[in-house]
Amino acid sequence: MNFIFSKKEIPRIAFLISGRGSNMGAILKNIKAKKLKAKPVMVFSDKADAQGLQKAKTFGVETKSFSPKEFLKFEEYEAELVKVLKDKQVEWVICAGYMRLVRKNILENYKNRIVNIHPALLPSFPGLKAQKQALDYGVRYSGCTVHLIDEGCDTGPIVLQKVVDILPDDTEETLSKRILKAEHETYSLALKKLFNGFELNNRTIIFK
Ligand code: GRF
């Protein structure tokens, strides 16, 4: 399968978050500093009390929140979310600590234009508590992975990765902190490369 995305001057992006939104904040900071060209048009959270929603407001970005619990079926929740994204003419969906799987409706509407960051070197340690999984396994290195989202859990094509050392006295907390710093550096860089145009050759992303 070959998929080609050609560069567009200023892509319209939306964030999906569930929590503190530090990755979103780091990206918004880079956009503000003109280090990354993109127009953030919305921050959405499935949790009304997500800390990141307040952070988004300090950047002057519109926020929106509703929960799957407000709908009879999960598909209806996603259909509403797609409607909101389309209404805002969103071109790229940036997941940043969005604690839900992205399912069919969003995937079909935003094929190869949904990005995520994971706090481990995929395909190792997918899913929850990736930093703890790495420590429990005893690996010497971990890191973070920016990837496109597909129908699996943390299985989509890899955009960029950054390696982080694991130190002998690391705890889940100290390792998470070191990986988060790498995440903040890597996510904007990965988006910059994607927005500049790329070709997807099976699973391999070739940047323009
Ligand atoms: C990050 O560790 C990210 O890799 C994972 O969820 C966490 C979100 O943190 N997907 P934040 O909300 O961006 O601070």
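Residues numbered from 1 in each chain as written. Predicted model: local features only at pLDDT ≥ 70, side-chain atom pairs only at ≥ 80, totals over all residues. Heavy atoms only, no water.

1. Thoughts on the site of the ligand
Selection rule: By convention in these notes, a residue is near a molecule or strand provided one of its non-hydrogen atoms lies within 4 Å of it. N or O atoms within 3.5 Å of each other form a polar contact, as long as, within protein, one can give a hydrogen and the other can take it, and as long as residues adjacent in sequence are counted only when both atoms are side-chain atoms. Starting at the N terminus, helices and strands are each numbered in turn, a helix being any DSSP run of H or I of at least four residues and a strand any DSSP run of E of at least two.
Surrounding the ligand, one finds Arg 20, Gly 21, Ser 22, Asn 23, Gly 97, Ile 117, His 118, Pro 119 and Glu 183. Separating an oxygen atom of the ligand from a backbone N or O atom of Gly 21 is a distance of 2.9 Å. Between the ligand and Glu 183 there is a distance of 2.7 Å, counted from an oxygen atom to a side-chain nitrogen or oxygen. Only helix 1 (22–32) and strand 6 (114–118) provide two or more residues apiece to the shell around the ligand.

2. Notes on the pattern of salt bridges
Going by this rule: Every case where a carboxyl oxygen of Asp or Glu lies within 4 Å of a side-chain nitrogen of Lys or Arg is listed as a salt bridge.
For the structure on display, the rule yields 11 salt bridges. Where Glu 185 meets Lys 181, a salt bridge forms, and the shortest distance between an N and an O atom there is 3.5 Å. Here Glu 185 pairs with Lys 181, and both are found in helix 6 (residues 172–195), just 4 residues apart, close to one helical turn. If you follow the salt bridges from partner to partner, you end up with Lys 162, Lys 181 and Glu 185 in one network.

3. Describing the domain arrangement of the chain
This is how it is decided: Residue ranges for the domains originate in an automatic or database domain assignment. For this analysis, residues touch if any pair of their heavy atoms sits within 4.5 Å. Take the accessible area each of two parts loses on contact, using a 1.4 Å probe, and add the two losses: that sum is the buried area.
Per the domain assignment, the segments making up the chain are domain 1 (11–111) and domain 2 (117–208). For domain 1 and domain 2, the distance between their C-alpha centres works out to 20 Å. Taken together, the contacts link 20 residues of domain 1 with 17 residues of domain 2. Carbon and sulfur atoms supply 72% of the area that domain 1 and domain 2 bury against each other, a total of about 1500 Å² over both sides. Contact with domain 2 buries area across many residues of domain 1, yet Asn 23, Leu 36 and Trp 92 alone supply 33% of it, more than any other trio. Summed over the shared surface of domain 1 and domain 2, the number is 0 salt bridges. Across the contact surface, domain 1 and domain 2 share 5 residue pairs in polar contact (both at pLDDT 80 or more).

4. Some remarks on helix 2 (residues 51–58)
The following threshold applies: Burial classes follow relative accessibility: with a 1.4 Å probe on protein chains only, a residue under 20% of its type's maximum area counts as buried, one over 50% as exposed, and anything between as partly exposed. Our arc is simply the arc of the directions from the helix axis toward the C-beta atoms.
When helix 2 is considered as a whole, its buried residues turn out to be Gly 52, Leu 53 and Ala 56. The arc that holds the buried residues of helix 2, viewed along the axis, is 105°, so those residues lie on one side. Looking at helix 2, the residues exposed on the side facing more than 90 degrees away from the buried face are Gln 51 and Thr 58. If you follow the buried residues of helix 2, they end up packed against strand 2 (12–17), helix 1, strand 3 (39–45) and strand 4 (63–65).

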